[in-house]
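# Secondary and tertiary structure notes
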Number of protein chains: 4
Amino acid sequence: MTTVGILTGGGDCPGLNAVIRAVVRTGAKHGFDAIGIRDGWLGLVAGNVEPLTDYSVTGILPKGGTILGTSRTNPFKNEADVQRLRDNIRKFGIDAIVAIGGEDTLGVANKLSKMGIPVVGVPKTIDNDVGATDYTFGFDTAVSIVTEAIDRLHTTAESHHRVMVVEVMGRHAGWIATVAGIAGGADEILIPEIPFDLDEVTHHLRARYERGKKFSIVVVAEGAQPKGMAEAIAQSARTDEFGHVTLGGVGNFLRDELEKRLDMEVRVTVLGHIQRGGSPTAHDRVLATRFGVAAADLIRDEDFGKMVALRGDDIVAVPLEEAVANLKTVDMDLYKIASIFYGG
Amino acid sequence: MTTVGILTGGGDCPGLNAVIRAVVRTGAKHGFDAIGIRDGWLGLVAGNVEPLTDYSVTGILPKGGTILGTSRTNPFKNEADVQRLRDNIRKFGIDAIVAIGGEDTLGVANKLSKMGIPVVGVPKTIDNDVGATDYTFGFDTAVSIVTEAIDRLHTTAESHHRVMVVEVMGRHAGWIATVAGIAGGADEILIPEIPFDLDEVTHHLRARYERGKKFSIVVVAEGAQPKGMAEAIAQSARTDEFGHVTLGGVGNFLRDELEKRLDMEVRVTVLGHIQRGGSPTAHDRVLATRFGVAAADLIRDEDFGKMVALRGDDIVAVPLEEAVANLKTVDMDLYKIASIFYGG
Amino acid sequence: MTTVGILTGGGDCPGLNAVIRAVVRTGAKHGFDAIGIRDGWLGLVAGNVEPLTDYSVTGILPKGGTILGTSRTNPFKNEADVQRLRDNIRKFGIDAIVAIGGEDTLGVANKLSKMGIPVVGVPKTIDNDVGATDYTFGFDTAVSIVTEAIDRLHTTAESHHRVMVVEVMGRHAGWIATVAGIAGGADEILIPEIPFDLDEVTHHLRARYERGKKFSIVVVAEGAQPKGMAEAIAQSARTDEFGHVTLGGVGNFLRDELEKRLDMEVRVTVLGHIQRGGSPTAHDRVLATRFGVAAADLIRDEDFGKMVALRGDDIVAVPLEEAVANLKTVDMDLYKIASIFYGG
Amino acid sequence: MTTVGILTGGGDCPGLNAVIRAVVRTGAKHGFDAIGIRDGWLGLVAGNVEPLTDYSVTGILPKGGTILGTSRTNPFKNEADVQRLRDNIRKFGIDAIVAIGGEDTLGVANKLSKMGIPVVGVPKTIDNDVGATDYTFGFDTAVSIVTEAIDRLHTTAESHHRVMVVEVMGRHAGWIATVAGIAGGADEILIPEIPFDLDEVTHHLRARYERGKKFSIVVVAEGAQPKGMAEAIAQSARTDEFGHVTLGGVGNFLRDELEKRLDMEVRVTVLGHIQRGGSPTAHDRVLATRFGVAAADLIRDEDFGKMVALRGDDIVAVPLEEAVANLKTVDMDLYKIASIFYGG
């Protein structure tokens, strides 16, 4: 009997439970037992585990978050922790580990793999910025939530003839801003990939106003920066443990600067944590399920040191190493589509 | 032929379009023509009006915002404006006005009424703090949006073992916080009516943690204040033109203070403008429609100087004067219900 | 220590779990233990019970359905069952029962109460047709679901210039049809209270078409009947165990008859079970919670043989007898409001 | 100045308006004028057209249906109609046509293209069964609606220990059933591609019951058929103008047959037209926008006789001929994933 340990690490993300369920259920078909490791790598260091049965995963498919809990613990910061982790793997009879997480979590997985521990990875990045996979679960849900928020803000913007600035997730890459901005009909989208020029933004919004469109929606990724003014933002920014600017660094900056430059009311909304919570979209549930099934299959095939990934519409396995190799920035052809609609 | 002018003033609110539609359609049955006045009282000062036909109001029932636009203009700040307003009423042949708005808009309506201008009012208060009516449209929608956000934050709070602070609308009264807090299963609800004691809040959250509930949701109205520490908040607060604290004054304060006192991660989400945008709930569409029908009936009956209001399940007419008379604070029996579930 | 047994009977309804949670939590404050009785009265006959702890009710507030299961079992159909039920009450040390259900469930509660068993009732009627209470939980959720469906059907109706018939719940009373019809902007609402005249309906829809509105939405309660043609429907109708016409009796009838009379495509949608499933609205969660708190308070006060009810905005206690006394039909003032918008 | 005529044909679908908007806005950048053709090819036969300006397409991105109306008119059924169509193309100075539709609409486009009329196509198939493109807009929205319905039905199924049968769209291919079934955690998915064996289905559901899962969800595509029993269904089926079985042919059949075979209550819900109405998901808005942009680019490049298509994550152009060539049935690897969860 093969015993598979499952853990989730890093920021939570809609679809984690769907992956866990798929690994457990597919594993059962393959004859595996499953053990849930609490709070990411921390649980393996601390020996905090629990059996995962069919019953444990019943009804969790539509649930946001992770039933296993999560943390950002990196056992390699402390040699004793690595030893505890190895001891616990032996103690609990864990034959293989499915690690579900982002760069950091999979980075640890990669190191453990090189030490000979059988690991497979499942990529998680709500920002969609991991290079090894075209998309991951959670991104579609985040885009849906942001798009719904933009729809709501439209009615207020239009009624009050205002500029509404919406700050969304995306520290290093502007995927959520770009896709939700197109879906929501944004009049300007600002992303980390392209430092923005305040005068140009002002010019666009003013031109739109003069064409009779008395309101505008500006979607800005939290990591977007004005040309040569990054410090201006940094001063008012707050960051959380992920390094995320949480409360409107660039959003507040834009509000203040645009209000100075335009003779219009400007308001800012910082969507924050609601972007990563709640029930996953159908699209994300299916993708997460496919990832979980594929991860269990990799274990059956003893094809360790790999992570599952989406390429086109196919699930493939790639070396864990690739998970952390490249930041995937926004496709510029897609970004240009947004600008067709500016001022419209 | 009676010509009815319709305007919306103050902050936008889901259901305004449903009122406009109901006044126009019911008015048509009564043989009225309708004129839309743009941007609240400003449109009557500036002569910015347009005919409102059956076609104008087709399809607007489910739409958020107001097709007429809105502003906070008070013509009584400038005597010449009052004269322009009266001239325009004559110029456009307006026989009666339906003014849809909050305290300020209805305050102007009341003054005009005393000057002999035929006006009826429809109360709008997303915060639910106007004394003359039990409820108004927009409140149920705001509560729904906040409840959905709390549901989303629950999964993150639970996965990360965090305290999540959610700042919601409610400057003078904590209705949204109380009702959405009960609906979302909040573990602490803080409202303007009762200055909160930080030590007590900390005690509750710690007790809950020690009972094995490793996460908590705190819902706080933007106008809530710590006992004897109002100034601490004021320093970091920002206010918009409505005097609303827009970006997390008390929310940020709580995050900082709770994180100091508890050995837990604390995160804050400021819901902001998404609370007042988007399609009204079924409940609000029906209430807004009933208000609009009743307003048109008041005009038919030449029963001016009144505003429509909800009492129990009945629509009644009350003097416009009452609209601004009393702030309606949260029912303490309802608020106490929330506390039954604290620590649960 | 008082031990309270809780059961849910009859058709499921959003908000049942919120009631259960509120009884358990409020009961805990009053020093009660709680026992969950499975599947309505059946569980008390069969001795199928389980402890209900704080843990049992954690996270159930936003969940649809009932964690206790439900059935339509009536123990009074069989004398031996009544005896078993009484034996089980003694066996499990149940001091008082909270029965959550509709006419049938509360009818049994009433009989047991007269036999000296301490019972309190919580009314459940998704159709809103129980006379003793103004509203109950579940109704607002059903109305929301129907309204969203009407919104969706509008775009199809308009694109295809069709008449869309929507059949909704409401066997004896047309509350859902009326309220959701007003909220969705229906062009005709047909309810059980008023037998409809096919020629009149046809006339309305044709008049609307001739005014340039090339599509219409007709909302029909499942229990609505054409004047003098009830049998025509009965032939094609199917009924479920609640006597509900489940698959488009009157809906199909209307589709066929309207298509004969109008030169338009007519389509029918039967919303069916999705109207009673899923997460309750914020409004229903609060009402259900208030009911549950009040039921626990009645037990604390040993005020048995009562059921909780909503009157205006107050929760009151009324004799269980009243629960089954009167069918509450649609308020005709409300129904007339709908007709203002016909043909518009 | 190039004048582009735009039309939508066949059944309506969320995202049509997003395509129209994208063609108009991108066309404006290319220097095109746009003309809206009403009700598919019918409008070109009847000369029912209107200018499409920037204003016409403002605010339509999130709207379901099509602002141009639609029909199933095939001008090639009548030679005089083809002549009228050609005359109207000349009369209105139409230089190129964007035809948005399914097999039939694009079949006409293909014939016209061969006659020398400059046409480009945009594929529309809510069932996702057109071979030339991996996915089209509308499919993700339909899947979302079905998944939400399954979520709702879960709570009822569980509370009542029932089998719930959900009949969804999919006459020739079971894409919606498969994807939404996986997303909703269905316990059995039946599709047109694989005739089902009633005994096997019964066996699965009974086995699940015996493992303690007292309820099941069965998702069935409207075109699914029992082995050797197609006629049994046909007798009770109704079809609409698209040949769609609209009211529960196979759904009712399954309900009746499963209830005979199992000692459980079985209920059926036929989702019908709500699957194709309402606001498109963010995913569909983006895909529809990309299609519209690409169609306008094809016209700029005078690359006629093509249709846009999605391959992997790329938009490509393929000959119009391909649009009607192949039915795309469900990927069997995906379908097998569903069965991993059966009985779970």
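For chain A, an unreviewed UniProt entry supplies the name Pyrophosphate--fructose 6-phosphate 1-phosphotransferase and the organism Methanoculleus sediminis. What UniProt records for chain A under Sequence similarities (unreviewed entry) is the sentence "Belongs to the phosphofructokinase type A (PFKA) family. Mixed-substrate PFK group III subfamily." According to its UniProt record, chain A has this under Subunit (unreviewed entry): "Homodimer or homotetramer."

## Considering the pairing of strand β2 (residues 32-37) of chain D
Residue and element names in this part refer to chain D. β2 sits mainly inside the fold: 5 of its 6 residues count as buried. Sheet analysis places strand β1 (residues 2-8) next to β2, joined by 5 bridges and oriented parallel. When the sheet's bridge partners are listed, Ile6 is paired in β2 with Gly36. You can see the chain leave β1, run along helix α1 (residues 16-30) and come back into β2, and the turn it takes is right-handed. Two strands pair when backbone bridges link them, and β2 and strand β3 (residues 49-51) are joined in this way by 3 bridges, in the antiparallel orientation. Looking across to β3, one finds that Ile35 is bridged to Pro51.

## Some words on the interface of chain C and chain B
At the interface, 38 residues of chain C touch 38 residues of chain B. Interface of chain C and chain B: buried area, both sides summed, is about 3000 Å²; carbon and sulfur atoms make up 65% of it. Taken together, chain C and chain B are joined by 6 salt bridges. Linking B:Arg285 and C:Asp151 is a salt bridge whose minimum nitrogen-to-oxygen distance equals 2.8 Å.

## Overview of the sheet that holds strand β7 (residues 188-190) of chain D
Hydrogen bonds between backbone groups are what pair the strands of a sheet, and the pairing can be parallel or antiparallel. Residue and element names in this part refer to chain D. The 4 strands are arranged β7-β8-β6-β9 in an open sheet whose pairing can be described as parallel. The strands lining the two open edges of the sheet, one partner per strand, are β7 and β9 (266-270). The sheet shows a mean angle of 20° between the axes of neighbouring strands, taken without regard to direction. Both strand β6 (residues 163-168) and β9 contribute to a ladder of 5 bridges, which runs parallel. Note that in β9 the partner of Val166 across the bridge is Thr269. Each of β6, β7, β8 (216-221) and β9 touches helix α9 (residues 249-261); the most contacted strand, β9, lies at about 175° to it.

## Re the arrangement of the chains
Structurally, chain A and chain C remain out of contact, their C-alpha atoms never closer than 11 Å. Between chain B and chain D there is no contact; the minimum C-alpha to C-alpha separation amounts to 11 Å.

## Let's talk about the relation of the copies chain A and chain B
Screw-axis analysis of chain A against chain B gives a translation of 0.0 Å along the axis, an RMSD of 0.0 Å, and a rotation angle of 180°. The transformation relating the two chain copies, once decomposed into turn and shift, fits a two-fold axis. A share of 100% of interface residues in chain A that are also interface residues in chain B marks the association as one of identical surfaces.

## A closer look at the packing of helix α6 (residues 175-184) of chain B against helix α10 (residues 282-300) of chain C
At a minimum axis distance of 8 Å, the contact between α6(B) and α10(C) shows a crossing angle of 80°. Our classification of the angle between α6(B) and α10(C) gives roughly perpendicular. Contact with α6(B), carried on its side by B:Val179, B:Ile182, B:Ala183 and B:Gly184, involves C:Ala282, C:Arg285, C:Val286 and C:Thr289 of α10(C) and no other residues of that element. For the contact of α6(B) with α10(C), the residue count by class is 5 nonpolar, 2 polar and 1 charged.

## Let's talk about the environment of A:Gly102
All names here are of chain A. Looking at where Gly102 falls in the secondary structure, it is placed in the loop between β4 (96-101) and α4 (103-114). The exposure class assigned to Gly102 is buried, which follows from its relative accessible area of 12%. Put simply, Gly102 and Ile126 are 24 residues apart on the chain and 9.0 Å apart in space, counted from C-alpha to C-alpha.

## Examining the environment of A:Met264
Residues and elements named next belong to chain A. Note on placement: Met264 falls in the loop between α9 (249-261) and β9 (266-270). Of the residues examined, Met264 reaches a relative accessible area of 11% and is grouped as buried. When the C-alpha atoms of Met264 and Val163 are compared, they prove to be 7.0 Å apart, with 101 residues separating the residues in sequence. The residues contacting Met264, other than those within four sequence positions of it, are His161, Arg162, Val163, Tyr209, Lys214, Phe215 and Glu259.

## Regarding the confidence of the model for chain A
Residues and elements named next belong to chain A. Looking at chain A as a whole, its pLDDT mean stands at 92, while 94% of the residues score no less than 70. For residues 235-247, every residue scores under 50 in pLDDT, and the model assigns this stretch 37 contacts once sequence neighbours within four places are set aside. On the interface metric, ipTM, the complex scores 0.93, and its pTM is 0.95.

## A closer look at the UniProt feature "site: Important for catalytic activity and substrate specificity" (unreviewed entry) in chain A
Under the present numbering, the feature "site: Important for catalytic activity and substrate specificity" (unreviewed entry) in UniProt falls on A:Asp104. If you trace the backbone, A:Asp104 turns up in helix α4.

## As for the domain arrangement of chain A
All names here are of chain A. Assigned domains of chain A: these are domain 1 (3-137 + 280-324) and domain 2 (140-276). Placing the centre of domain 1 and that of domain 2 at their C-alpha centroids yields a distance of 34 Å. Counting residues at the interface gives 13 residues for domain 1, matched by 16 residues for domain 2. Here domain 1 and domain 2 share an interface that buries about 1200 Å² over both sides, 53% of which is from carbon and sulfur atoms. It is Arg72, Ile126 and Asp127 that lose the most area in domain 1 upon contact with domain 2, and together they represent 41% of the buried surface on that side. The interface formed by domain 1 and domain 2 holds 1 salt bridge in total. When the shortest N-O distance is used, the salt bridge between Arg276 and Asp12 registers 3.3 Å.

## So, the packing of aromatic side chains
Summed over all chains, the structure comprises 9 aromatic pairs over all chains. Ring pairing ties together the aromatic residues C:Tyr135, C:Phe139 and C:Trp175, which thus form one cluster. Positioned above the aromatic ring of A:Tyr135, the side-chain terminus of A:Lys328 is 5.8 Å from the ring centre. The ring of C:Phe215 has C:Arg208 lying over it, and the distance from NZ or CZ to the ring centre is 5.0 Å.

## Comments concerning unusual backbone geometry
For B:Glu302, which is not a glycine, the phi torsion comes out positive at approximately 50°. Its location among the elements puts B:Glu302 in the loop between α10 (282-300) and β10 (306-311). B:Glu302 gets classed as exposed once you look at its relative accessible area, which sits at 61%. In this structure, D:Asn128 takes a positive phi of about 65° despite not being glycine.

## Topic: the sheet that holds strand β7 (residues 188-190) of chain C
Residues and elements named next belong to chain C. Pairing in this open sheet of 4 strands is parallel, and the strands run β7-β8-β6-β9 from one edge to the other. Sheet topology places β7 and β9 (266-270) at the edges, where each strand pairs with a single neighbour. Ignoring which end each strand starts from, the neighbouring axes of this sheet average 20° apart. Here strand β6 (residues 163-168) pairs with strand β8 (residues 216-221) via 6 bridges, running parallel. When the bridges of β8 are listed, Glu167 appears paired with Val220. Where helix α5 (residues 139-160) meets the sheet, it contacts β6, β8 and β9, and its direction lies at approximately 145° from that of β8. Of the strands in this sheet, β6, β7 and β8 touch helix α6 (residues 175-184), which is tilted by about 170° from β7.

## Some words on the packing of α10(B) against α5(C)
Running from N to C, α10(B) and α5(C) point in directions that differ by 85°, and their axes come no closer than 9 Å. For the element pair α10(B) / α5(C), the angle class is roughly perpendicular. Together, B:Ala282, B:His283 and B:Arg285 of α10(B) and C:Asp140, C:Val143, C:Ser144, C:Thr147 and C:Asp151 of α5(C) make up the contact between the two elements. The residue makeup of the contact of α10(B) with α5(C), split by class, is 2 nonpolar, 3 polar and 3 charged.

## So, the interface of chain A and chain B
Residue-level contacts link 43 residues of chain A with 43 residues of chain B. Carbon and sulfur atoms supply 49% of the area that chain A and chain B bury against each other, a total of about 3300 Å² over both sides. Remark: the boundary between chain A and chain B carries 14 residue pairs in polar contact (both at pLDDT 80 or more). Counting only elements with at least two residues in the side of chain A that touches chain B, the list comes to α5 (139-160), α9 and β9 of chain A. Partitioned by chemical class, the residues of the side of chain A that touches chain B number 10 nonpolar, 19 polar and 14 charged.

Rules used throughout
Residues numbered from 1 in each chain as written. Chains lettered and ligands numbered in written order. Predicted model: local features only at pLDDT ≥ 70, side-chain atom pairs only at ≥ 80, totals over all residues. Heavy atoms only, no water. UniProt positions renumbered as here; feature names shortened; annotations may be inferred. Buried < 20%, exposed > 50% of the residue type's maximum accessible area, 1.4 Å probe, protein only. Helix = DSSP H or I, 4+ residues; strand = E, 2+ residues; numbered from the N terminus. Pairing = 2+ DSSP bridges. Right-handed = clockwise from strand over helix to strand, strands pointing away. Contact = heavy atoms within 4.5 Å. Buried area = accessible area lost by both parts, 1.4 Å probe. Salt bridge = Lys/Arg side-chain N within 4 Å of Asp/Glu carboxyl O. Axes fitted to C-alpha atoms, helices over the stretch in contact; angles between N-to-C directions. Least-squares fit on C-alpha atoms with pLDDT ≥ 70 in both. Parallel < 35°, antiparallel > 145°, perpendicular 65-115°, else oblique. Nonpolar A, V, L, I, M, F, W, Y, C, P; charged D, E, K, R; others polar. pLDDT = per-residue confidence, 0-100. Domains from an automatic or database assignment. Phe/Tyr/Trp six-rings, centres within 6.5 Å; stacked < 30°, edge-to-face > 60°. Lys NZ or Arg CZ within 6 Å of the ring centre and 35° of its normal. Polar contact = N/O pair within 3.5 Å; in protein donor to acceptor, adjacent residues only side chain to side chain.

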